[in-house]
Each structure stands twice: as C-alpha cells, then as structure tokens.
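Architecture and fold: a report
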Amino acid sequence: VMGYQERSLKNIVVANTEIVTAGKYVGGVSGYYRHLSLNSLYVSNVTVEGNTSVGGVIGTFGFSLGFNVSDILINAVVTAKISGAGGVAGTAIRGLSSQTNNIYNIIVANSIISAPIHAGGIVGEVDSVNTFSKAYNIIVAANIETTAEGSSPGILIGNGDNYATNMTGLGI
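Just so we're clear, the structure is a prediction, and the values are computed from it rather than from any experiment. All residue numbers refer to positions counted from 1 along the written sequence of the respective chain. The predicted origin of the model limits local features to residues at a pLDDT of at least 70 and limits the giving and counting of side-chain atom pairs to 80 or more, whereas totals for whole chains, interfaces and linings rest on all residues. Hydrogens and water molecules were not included; the side-chain quantities draw on all heavy atoms of the structure.

Some words on unusual backbone geometry
- If you check the backbone angles, asparagine 45 has positive phi at about 55° while not being a glycine.
- For the purposes of this entry, the term helix denotes a DSSP run of H or I that reaches at least four residues, the term strand denotes a run of E that reaches at least two, and both are numbered from the N terminus. With respect to the helices and strands, the residue asparagine 45 is situated in strand β5 (residues 37-55).
- Overall, asparagine 45 belongs to the partly exposed group, its relative accessible area being 47%.
- Despite not being glycine, serine 53 has its phi angle at roughly 55°, a positive value.
- Along the chain, serine 53 turns up in strand β5. Note on classification: 1.4 Å probe, protein chains only; a residue is buried when its accessible area is under 20% of the maximum for its type, exposed when over 50%, partly exposed between these limits.

Section: the pairing of strand β7 (residues 67-86)
- For two strands to be treated as a pair, DSSP must find no fewer than two bridges joining them. With 15 bridges connecting them, β5 and β7 associate as parallel partners. Of the residues in β7, the one forming a bridge with glycine 55 is glycine 86.
- As paired elements, β7 and strand β9 (residues 101-115) share 10 bridges and run parallel to each other. The partner of serine 70 across the bridge, within β9, is tyrosine 104.
- In this structure, β7 lies alongside strand β10 (residues 117-120), joined through 3 bridges in parallel fashion. Pairing of alanine 85 across the sheet is with alanine 119, part of β10.

In structure tokens:
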C-alpha cells in the first residue's frame, strides 16, 4: 500500500494481495514505518515475500518516540529469503529504554512465517533496547519456521523473546 510512512495508520484492510520483491523493507501495508501508531488493521489472504525485513503489516518498524500497535488481525504467508520475517513486522529498530512501546489486541492466525534466520510470530528481528513496554492480548496461531542450521524461530520475536517485557494475556 505504501513504501515509507511516518503517520499513524488506522482502519486499513488489505486482502487477497501478493507482494513479492527481491528487496528489503517489504510489508503488507508499508515497507518502512516510523513512529506513532498502527490501529485497526486487517490483513487477510496476503502473501509478502522479500530478502530481509519482511512483515505481514510492516517490513521495518523504526521507532524512536514510542509506539502503540493495536487491534490487528493478520492471515498471511510471510517469507524472508535472508532474514527477518514477522507476522506484524520483519524488523523493529531504534528503541530507547525511556519510551513507551505498547502492542496489544493482536491476532496472527492461519499464517506461515519463514526465514533462514530470525522468524517470529510478531517481529522477526529486533535491533533495539526496549521493544515492548507492554504486550498483552496477543494470539499467535501460525506455522513459524527457520531453515538455517542452528537457528530457531520465536513465537513472539525471532531473535530472542527476552526483548519483550511486561507481557500478559498471551494466547500462544
């Protein structure tokens, strides 16, 4: 829908769509998204494929001022050929420990998320200090897989669920 976005996104439906590229920052709604909030998004029967930073909603989520991500339903096939595949975002970067980052009321269902390394139900790859301040009411019912020898997928975050704190009400 959009390549680069710096505004809040809400009330968006993307359905029956295929987005395939050999590049990075590939998302069902936006390739690269900075700041603010994502609310009331519905991504259904969508295929998203790229090399790195591939997400069902956002390819790369760059945040330095904090964010709120809520009320999102995702049904997608998300494939990163190199790294960073996630149900919501392929990669999340630039978090600060003093900011508030909330993610809640998220459902990733009937989805396939795969990459050689860093595949996660919510975020594939995290490069930040404080990814989630609060994460709650999250349901992940997806096939999440990594294909490189020695790599493991994460139900929430592909390169380590230890980046998420204060999580409650998870339906994993």
